[in-house]
Structures are given as C-alpha cells and as structure tokens.
Amino acid sequence: MSVPVARTLWAVHVPQEWSAYPLNDPLRLRQVAENTYAVKGTPTDCVIMGARHVMPALPELVLACLGMAILVFGVLRKAENTLLATMFTIGAFLITGFLIATRRHGVAFHGQFVSDAFSLFNKELILLGGSLALILSLDWNKSQGIQRFEYPVLALFATVGMMIMTSASNLMTMYLGLELQSLALYVLAAFARDNVRS
C-alpha cells in the first residue's frame, strides 16, 4: 500500500507476506521544510534498515576485513611470520565458515548478490579447499625458499573472489568476483620470482 505524501515523495509500507524485511508499521513522515521530511524512528532504526540489505554478504565482508588485518599485521611485524599469517588465515576461514553456516537466505545490493542453499554450500567447499591448499603449501614454500607472509593473504583474497562469484546474480557481480580472484592468482602464479616457469 502506498500513500502520496508530496508530488515527488511516496511513503511505502510493504505487507508482511510480500517482503523478507517488512515494516511493522507504516513510515510516518512529517514535513519539516519545503522538500524536507522527518521520518518516524531513530537514527539507529535507519542504520538497521540499511544494514539489513548487506547482511547476506556479511561472510565476504568479514573475510575481506580479516584479510586486510592480516596483511597489516604481516607488514608491521618484522620477524618471520609466514606460519603465523597462515594460521591467522585459516582462522579467518573458520570464522567465515561459521558465519556462512548460520546465514539465512537473502538478497543483497538490490538483487546483485544472492545467498541461497546452493551458494552457501559452495562457499563452504571453497573455504575447505582454501584451508587445505594453505596447509599443503607450508612445506612446499619452505623447501622452495619462497616462504613469505603474502602467500596466505593472496590466497585469502582469491577465496573472497570465488565466494563473490558463487553468489553473483548478474554479470557485474560475477566480473567483480572474477577480477578479485584472478588478480590474486596472477600474483600467486608468479610468486617464485627466481623460477623461469613462474
């Protein structure tokens, strides 16, 4: 049901059965000045209403933020920290896996990001594969002399790209995930700088 408030402003109340995020009561608008209206509710209510639309993408956002924190940690710490960065990355994968397991289905970013049973299952598989790859790479990187903290961080960002592609519902989101994944994998492919094949 919609009610015209002004020539260019409409207040909309979505019934419970039409939306995953219904309003409990209609928005109440009060005209403060010309073309300026006050909405019933607190600023916190407005933030919560806006945050609901990005909640299906929370695992990807958390994993990306943890990846940036691990990167900053590796840069600021002067000692050898490859093993520590790898363990932090696997811990970030575990936290993200828990967030995925407790996620409800939903749509984010105006339908460009979809979280359903198929995408959640694939994300868990991607995180499991990324964790196993990091564990297997520890001894190999050490034996090849390419043990650096950037390796697990790049693998983490490639994993974020794969997870975004899993939930993509249009080509723009698919391209964003593909670029994030491929840029990190390009660097990983050339990680052994002294090797001609790399």
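Residues numbered from 1 in each chain as written. Predicted model: local features only at pLDDT ≥ 70, side-chain atom pairs only at ≥ 80, totals over all residues. Heavy atoms only, no water.

## Thoughts on the overall build of the protein chain
Along the backbone of the protein chain there are six helices and six strands. When the helices and strands of the protein chain are read in sequence order from the N terminus, they spell out β-β-β-β-α-α-α-β-β-α-α-α. When the 198 residues of the protein chain are sorted by exposure, 33% land in the buried category. Contacts in the protein chain between residues at least 24 apart in sequence constitute 60% of all its contacts with a sequence separation of at least 6. Surface exposure of the protein chain reaches about 12,700 Å², of which carbon and sulfur atoms provide 67%. (Helix = DSSP H or I, 4+ residues; strand = E, 2+ residues; numbered from the N terminus. Buried < 20%, exposed > 50% of the residue type's maximum accessible area, 1.4 Å probe, protein only. Contact = heavy atoms within 4.5 Å. Areas by Shrake-Rupley, 256 points an atom, 1.4 Å probe, with all protein chains shown as cover.)

## As for the pattern of salt bridges
Two side chains of opposite charge can pair, provided their charged atoms sit close to one another. Summed over the entire model, instances satisfying the criterion amount to one salt bridge. The partner of Lys123 in a salt bridge is Glu60, with the nearest N and O atoms 2.6 Å apart. With Lys123 in helix H4 (residues 117–144) and Glu60 in helix H2 (residues 58–76), the pair connects residues that are 63 residues apart, well separated along the chain. Lys123 gets classed as buried once you look at its relative accessible area, which sits at 1%. (Salt bridge = Lys/Arg side-chain N within 4 Å of Asp/Glu carboxyl O.)

## Focus on unusual backbone geometry
Look at Phe109: it is not a glycine, yet its phi comes out positive at around 55 degrees. Summarising the element assignment, Phe109 is placed in the loop between strand S5 (106–108) and strand S6 (113–115). Although it is not a glycine, His110 sits at a positive phi angle of roughly 55 degrees.

## So, a nonpolar patch on the surface
A cluster of nonpolar side chains, Phe121, Leu125, Leu128, Leu132 and Ile135, forms an exposed patch at the surface whose accessible area comes to about 500 Å². Turning to its location among the elements, Leu132 is positioned in helix H4. (Patch = residues over 30% accessible without salt bridge, like charges linked within 9 Å, V, L, I, M, F, W, Y side chains within 5 Å.)

## A look at helix H5 (residues 150–167)
Over its 18 residues, H5 runs 26 Å from end to end, which matches the ideal 26 Å to within 8%, given 1.5 Å per residue. Along H5, 14 of the 18 residues are buried, which leaves the element largely enclosed by surrounding structure. (Expected span 1.5 Å × (residues − 1).)

## Some points on the confidence of the model for the protein chain
When pLDDT is averaged along the protein chain, the result is 81, and 74% of the positions lie at 70 or above. A low-confidence stretch, residues 1–6 stays under pLDDT 50, and its non-local contacts, those more than four residues away or across chains, total 15 contacts. Confidence drops under pLDDT 50 across residues 11–22; counting only partners more than four residues distant or on other chains, this segment forms 25 contacts. (pLDDT = per-residue confidence, 0-100.)

## Here we look at the side chain of Thr86
Within the fold, Thr86 resides in helix H3 (residues 82–101). Once residues lying within four places of it in the same chain are set aside, the contact partners of Thr86 are Leu134, Leu138 and Pro152.

## Considerations on H2
With 19 residues, H2 should cover 27 Å at 1.5 Å per step; its first-to-last C-alpha distance of 27 Å lies within 8% of that length. Of the positions making up H2, those classed as buried are Pro59, Glu60, Leu63, Ala64, Gly67, Ile70 and Gly74. Around the axis of H2, the buried residues are gathered within 130 degrees of arc, so they sit on the same side. Residues of H2 that are buried make contact with H3, S6, H4 and H5. (Arc of directions from axis to C-beta.)

## Details of the nonpolar core
Across soluble globular proteins, you tend to see nonpolar side chains buried next to one another. Counting residues in each nonpolar core, the largest one holds 26 residues, and the members touching the most others are Leu63, Ile70, Phe93, Leu127, Leu156 and Met163. Mapped by element, the contributors of at least two residues to this core are H2, H3, H4, H5 and helix H6 (171–189). Among the elements that line this core, the one with the most residues is H5, at nine residues. Excluding residues that lie within four positions of it along the chain, Phe93 makes contacts with Leu63, Leu127, Gly130, Ser131, Leu134, Leu156 and Thr159. (Core = buried A, V, L, I, M, F, W, Y, C linked by side-chain atoms within 4.5 Å.)

## Some thoughts on the packing of aromatic side chains
Taken as a whole and judged by the stated rule, the model has two aromatic pairs. Ring plane angle 70 degrees and centroid distance 5.2 Å describe the contact between Phe73 and Phe88, whose orientation is recorded as edge-to-face. Residue Phe73 is located in helix H2, and its partner Phe88 is located in helix H3; the two are separated by 15 residues in the primary sequence. Residue classification places Phe88 among the partly exposed positions, given a relative accessible area of 40%. With a centroid separation of 6.5 Å and an interplanar angle of 85 degrees, the aromatic rings of Phe109 and Phe113 are classed as edge-to-face. A residue is classified by how much of its surface remains accessible, and Phe113, at 5% relative accessible area, is buried. (Phe/Tyr/Trp six-rings, centres within 6.5 Å; stacked < 30°, edge-to-face > 60°.)

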